[in-house]
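# Survey of secondary and tertiary structure
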Amino acid sequence: MKKKGDTNLLGSNTVEVIIAAIGILLIIIALYLAYKRVTLDIDEENAKTLINNLQKKIELIPLNEKSEIILQGFDYVQGPWLIYGWPESSPDRPNKCYFNSCLCICRYEEKKPSEQCQSQGFCRKVPQNELVVSGYFDSNRVVRSRSAANDYSRIEDFVDNGDRIQITRNLIKVEIIKSNNQLRITQILQEEKEVDSPNNLLNLGQTLVFSGYRITLSKMSDNRITLYFPDISKSITFEKSEIVRIDFNGDKKTDIVIEPEFANFNDKSVFFRLKNYDSSESPPNNLVTENAP
Amino acid sequence: MKKGELTSFQIVSLVILIISFLVLLGFLFLPDLIGQSEEEVCRISILERATLPKVAQGFAPIKCRTEKICFSLNGEDCLSMRGEEVRKINLPKDFSGAANSIEKITAEEMYDCWSITGKGRLNLFSGDKDANVAGNIFTSATTVREAHAKCIICSRLALSETVKATPQIKNQIDLYDYLKTEKVPGTADTFLETFTDKQVQSYPNEFLTEIGKTGNRKTSDGQVAIIFSQILIDRTEASEAGLDTGITAGLMVGGAILGTTGIVSLPTTGVISSVVALYAGVSAYFQTTTNQAAAATYCGRFAGAQGDEAQYGCSVVTTVDYNDINTINELCQGGIEGII
């Protein structure tokens, strides 16, 4: 048996509950819009401006010329952001660029860069067939996963072969070399150190300049070392027990011999003995290359 | 009344709810709809940031866009700003007028930057937003965790190739004289009086000597940035340096600050000395025959949100060689905020 007032109470409350639900929903929508507005918008606006500026500056560089430009990074709310490049031949590039080479800026997520750039990044078509983007890993700005602060494998993901540029929170200098077929964007290291002494400790991600050429220690795994040469946008991987001789411009006069020392120093740094190649010396037995990599 | 029919109270509640929602949306999006000026957007965002409690500061981004200004003689571009949205200033043909125009724009841009950021007195960068934003899995080890200065690049000024190649213009630039003699538009005070809290009308000899020192002269080949930089100082250190009882404000050249009481002597040890050293070494201006680099400085207690504990630090607005990215990155180690 229904008690007196039950029907009215239910009928009246139903409408109020609906109004309250609408109210709460509207508040949630407003808060979400406010959050989106103050956080994501500014990051995305900055990212879009950065890639647009870069594209316009590249377009204005005459063919077969080299130019240095400064990019203003930004204090991202959610990031970091990275610049990636895919040549026309890469099957992996974002679909946004159709059949062209693709230059993108995308927020880092734990998924394939091409997928991330396709869904959330800003990409620009590049007319050149070949596109090389090479950054460096700045050892003073360690990027760590908050969930696994000591997971250094993630750092190596970033180091890789330097095929991306991480947008820092301040300024970045890049060198652009443009020809009909190739566009090369290379980050210029601010903390390069010019060395003339033969023995040098090189930390993972650091670059040193020897005889005018830059050498970056880009990867270390097991007993193998990967060196990246920003001036020629090439990498070479070799055993710690091997010696590498790099001929930077093919004239056999500016070769640098790189000989890892104290190979077991640790897994984040290695001592190198650097010297200019002396043609009167006979090649060492453990020389792995004599040509430009 | 029929069963299920809305009462007048319910209808009123619903209408109030919808209107409130629309008003809230209006506050969020009205500035875009009515085309609020970029300067207003910047000013409001700075006030929002400064008045929010420390924990919420990270949610209020600074929306100041870096203005790019190109000084040219015949409408030609500034090469270093190619591809960017630029405000071009066509300089008068007479060399003196052209130099005056460069001085005027520089002084006004410095003043605007100083004024819009609360004359260095607002606490803008104390919120650690990385810790507050859910889902942000990355952090940079050196940026916000430690006491590093953060910056806003208010504007960038560049000379076209023609202006660069006209020494008759550059050699007539005298920014110090302009700051001393010219009034801030719309006020009765000169730029010098404004930067020194209305107390100083001319440069004492000691300060002129400081300006003349070659070590204090840093130049730029063609582009300078007007940068606002702020660094927080630990309360104990601020107390030791006397910042909790007094302030230091004025025009800085080298390590000397021309303040309200003349040349201010600064501690030669401790955190203030390192902050001054950081700021003193960065000022640079266009390559001219004399030193033109100056900085508006404030060291003291910041105004912040009610309820937050007092914050101390130093702020500076100065011109820096934009091509010297190592210096800028050193000055702005905590990061550069604002819109590119």
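A few points on the structure. (Residues numbered from 1 in each chain as written. Chains lettered and ligands numbered in written order. Predicted model: local features only at pLDDT ≥ 70, side-chain atom pairs only at ≥ 80, totals over all residues. Heavy atoms only, no water.)

### Points about the nonpolar core
Residues and elements named next belong to chain B. Under the convention used in this document: By nonpolar core is meant a set of buried Ala, Val, Leu, Ile, Met, Phe, Trp, Tyr and Cys residues that side-chain atoms within 4.5 Å join together. Only protein chains enter the area calculation, which uses a 1.4 Å probe; residues under 20% of their type maximum are buried, those over 50% are exposed, and those in between are partly exposed. A run of H or I in DSSP counts as a helix once it spans at least four residues, and a run of E counts as a strand once it spans at least two, with each numbered from the N terminus. Contact between two residues is taken to exist if any of their heavy atoms lie within 4.5 Å; hydrogens are not considered.
Within the largest apolar cluster, 56 residues are counted, with the highest numbers of intra-cluster contacts made by Ile-46, Phe-71, Ile-102, Ile-152, Phe-195 and Leu-251. With 10 residues, helix H3 (residues 95-116) is the largest single contributor of residues to this core. With near-sequence residues (within four places) excluded, Ile-46 lies in contact with Ile-62, Cys-64, Ile-116, Thr-117, Leu-122, Leu-124 and Ile-152. Counting residues in hydrophobic clusters, the runner-up holds 32 residues, among them Ile-257, Tyr-312, Ile-325 and Ile-328.

### A few points about a nonpolar patch on the surface
All names here are of chain B. Threshold: Two joining distances apply to patches: 9 Å for like charges and 5 Å for nonpolar side chains (Val, Leu, Ile, Met, Phe, Trp, Tyr), and every residue must have over 30% relative accessible area and no salt bridge. The Shrake-Rupley method, run with a 1.4 Å probe sphere, supplies the accessible areas, and residue values consider only the shown protein chains as cover. Here a salt bridge means any side-chain nitrogen of Lys or Arg lying within 4 Å of a carboxyl oxygen belonging to Asp or Glu.
A cluster of nonpolar side chains, contributed by Ile-11, Val-15, Ile-19 and Val-23, occupies part of the molecular surface with about 320 Å² of accessible area. Mapped onto the elements of the fold, Ile-19 is located in helix H1 (residues 8-33). Judged by its relative accessible area of 47%, Ile-19 falls in the partly exposed class.

### Concerning the packing of aromatic side chains
All names here are of chain A. Convention followed: Put simply, two rings from Phe, Tyr or Trp (the six-membered ring, in Trp's case) pair if the centres are within 6.5 Å, and we call them stacked under 30 degrees between planes, edge-to-face over 60, tilted for the rest. Throughout this description, the term charge over a ring refers to an Arg CZ or Lys NZ atom that lies within 6 Å of the ring centre and within 35 degrees of the ring normal.
Under the definition given, this model contains 10 aromatic pairs over all chains. Pairing Phe-74 with Tyr-76 gives two aromatic rings, centres 6.5 Å apart and planes at 90°, and the pair type is edge-to-face. You'll find Phe-74 and Tyr-76 in the same group, each marked buried. Of the aromatic side chains, those joined through ring pairs into one cluster are Phe-74, Tyr-76, Trp-81 and Phe-122. A cation over a ring is seen here: Arg-169 above Tyr-76, with NZ or CZ 4.2 Å from the ring centre.

### Regarding the state of the cysteines
All names here are of chain B. The following threshold applies: When two cysteine sulfur atoms are found within 2.5 Å, that pair is recorded as a disulfide.
According to the stated counting rule, one finds eight disulfides over all chains in the structure shown. A sulfur-sulfur distance of 2.0 Å marks the disulfide that ties Cys-42 to Cys-64. Measuring the twist about the S-S bond at about 80°, one finds the Cys-42-Cys-64 disulfide to be right-handed. On the criterion of sequence distance, the pair formed by Cys-42 in helix H2 (residues 38-51) and Cys-64 in the loop between H2 and strand S1 (67-72) is long-range, its members being 22 residues apart. Pair check on accessibility: Cys-42 and Cys-64 agree, each one buried.

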